[in-house]
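# Structural characterization, general
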Amino acid sequence: MVRLIILFSVFLMLMPLNAQASTRASSYIKQHETQLFYPELVSRFYQNEQRKWYSPGARKNLENQLALLVLADLNNDLEQRYYRLQKATDLEYDILATDTLIYLLTYQSQISKKGTSWFFGGRLDEHLGEPYPQVISSINSAFTGGRLNYLTQTLVPNSDQYEVFYRRLLSYYDPYGEPIDKLTSSKIIRPNQVISYASLVNRLHVAGELTKEESRELLLHDNGLYNSELVDVVIRFQKRHGLLPDGIIGPKTKYWLNMSAKERVRIMALNIQRLRLWENKKARFVLVNIPSYEMQYWQEDELLFHSKVIVGKPERKTPLFSTYLDSIVFNPNWKVPTKIMREDILPKAFNDKGFLLSQNFEIVPTWLSDDVIPIEDIDWEQESVETFPYKLRQKSGNSNALGRYKFNTPNRNAIYLHDTPSRSLFKKQSRAYSSGCIRVERASEFAQLLMKESHFSKKEYRNYHQLPETKEAFLSQMISVYTIYQTAWIDEKNQVQFRDDIYEYDKWSKSKN
């Protein structure tokens, strides 16, 4: 994408409106038909050539949302539309604004169906197709009823994060800023080492960790050392980027320090668009943000529970989905998915005939069968990993891959939240290690909380918990569950959090220009 200068309408001085339109609507639309998204539909609104966009508020709302979509870099055509709107006046502006409004409302109406493909490695369709009839009727009602300002307000994402997110994005946006030197040393930087002091301070400013005033103050004390004052700022920076907060500037910290303000703006604008996918959450829900490796349980805007999680590795991604949690399976057995069986387990079984027995795996003909095929009855010499005709099931117990709890979340991907016997991975900052399911660090506490909410006694919980029997406890109310992918968001202190793009969705959404 070429260097983009967005004049956000917060600061836009609107040009004076002329009483008479300088260009007839019909001739303008005909002349510029190929440059409009919806020329035929627009022409219907200008049969009498009466202008519509007199409201500065409506203009501001429209242009700001178009600007955010341009900055998200999801479509190459929208940048030119923004520039044309900035230069246009009078009836030309009016026609372009109406055409843009149809486009943005059509875009908004299709997000529930197409948003996942648009925002996660894809691009916005060059042509969105015909708008729904409701889009046109809502525009007509806004024009005739003087409600254009209200209609354009609905273009804003319906999220309590949006306003602060938008302001934080503006604080990073600096199209006229001079390039700032990056940290070029390939060596790990440790406290009290000699460094390029000014370069580090300037990069921390670009990253939003220091204000201009704080940067100037630190530069007054440039002694050429990575001193304790700078270490404290870097630790704060590392926490805000999901890094190990040790104050040591290694490759990951350096990557984030060297990221340009322009790229941060793109990531923030893209994640603002992603907010639109999770606008209509229920009052009671579990939220798993994949890049942050965290889950949260909310009720009526109150955070009741949170935990670290382990998510799918890049080659076995945890999918984005919404479902519900309806029960807890205590001491679950594990029906091994075919892909995991063939790629992970059977190669070990063919190399070590005692592997399946040592890990409590059973061989069954089908999932519906109660029959168990003795391991010694398998003719391993005649079978192969690719043609193995049976299923594998791991018996419940302390070594079971699902641990002691499976939180049942019906979905077509067969993905669920569960416990795990492997606890060491939760100590890592990056936790993309599973085959797609979501491992919950504090699974026991979560199970107890859900049981309590469903009016089970402590004694009943202990009874369900006893090994080796598999038991299922149904919740009194289903809980909505959402897996999301936000690489930037606003935290409880109104600061922007950034996280690694572990599945490269941000990267693949970016224009190749």
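Shown above is the structure to which this text applies.
Everything in this summary refers to the structure shown in the same document. What you see is a predicted model, and the numbers here were worked out from it, not measured in a lab.

### What about empty space enclosed by the protein?
In the structure shown here, the tally under the stated rule is one cavity of 30 Å³ or more. For the largest cavity, the calculated volume is near 50 Å³. Gln-65, Leu-69, Leu-104, Tyr-107, Gln-108, Leu-155, Gln-273 and Arg-276 together form the lining of the largest cavity. At the level of secondary structure, the elements contributing two or more residues to the lining of the largest cavity comprise helix 3 (56-71) and helix 5 (90-119). Considering every element that reaches the lining of the largest cavity, the biggest residue donor is helix 5, with three residues. By residue class, the composition of the lining of the largest cavity is four nonpolar, three polar and one charged.

### What to know about the packing of helix 3 against helix 13 (residues 261-274)
The geometry of helix 3 relative to helix 13 is characterised by a closest axis approach of 8 Å and an angle of 120° between their N-to-C directions. Between helix 3 and helix 13, the interaxial angle falls into the category oblique. Between helix 3 and helix 13 lies a crossing of left-handed hand. Contacts between helix 3 and helix 13 involve Leu-68, Leu-69 and Leu-71 from the former and Val-265, Arg-266, Ala-269, Ile-272 and Gln-273 from the latter.

### Re the packing of aromatic side chains
Applying the stated criterion to the full structure yields 28 aromatic pairs. Relative to Tyr-485, the ring of Phe-120 lies with its centre 6.0 Å away and its plane at 90°, an arrangement referred to as edge-to-face. Here Phe-120, found in the loop between helix 5 and helix 6 (133-145), pairs with Tyr-485, found in the loop between strand 12 (471-484) and strand 13 (488-490); they are 365 residues apart in sequence, far enough to count as distant. Judged by relative accessible area, which is 9%, Phe-120 ranks as buried. Seen in terms of ring centroids, Phe-350 and Trp-380 are 5.1 Å apart; in terms of plane orientation they differ by 90°. Their pairing is edge-to-face. Taken together, the positions of Phe-350 in helix 14 (residues 338-351) and Trp-380 in the loop between strand 6 (361-364) and strand 7 (391-394) put the pair 30 residues apart, joining distant regions of the chain.

Here is what the cut-offs are and how they apply
- Residues numbered from 1 in each chain as written.
- Predicted model: local features only at pLDDT ≥ 70, side-chain atom pairs only at ≥ 80, totals over all residues.
- Heavy atoms only, no water.
- 1 Å grid on protein atoms, 1.4 Å probe; cavity = no way out; pocket = protein on both sides within 12 Å on 5 of 7 lines; lining within 4 Å.
- Points joined across faces, edges and corners; volume = space filled by probe spheres on them.
- Helix = DSSP H or I, 4+ residues; strand = E, 2+ residues; numbered from the N terminus.
- Nonpolar A, V, L, I, M, F, W, Y, C, P; charged D, E, K, R; others polar.
- Axes fitted to C-alpha atoms, helices over the stretch in contact; angles between N-to-C directions.
- Parallel < 35°, antiparallel > 145°, perpendicular 65-115°, else oblique.
- Left-handed = near helix turned anticlockwise from the far one by under 90°.
- Contact = heavy atoms within 4.5 Å.
- Phe/Tyr/Trp six-rings, centres within 6.5 Å; stacked < 30°, edge-to-face > 60°.
- Buried < 20%, exposed > 50% of the residue type's maximum accessible area, 1.4 Å probe, protein only.

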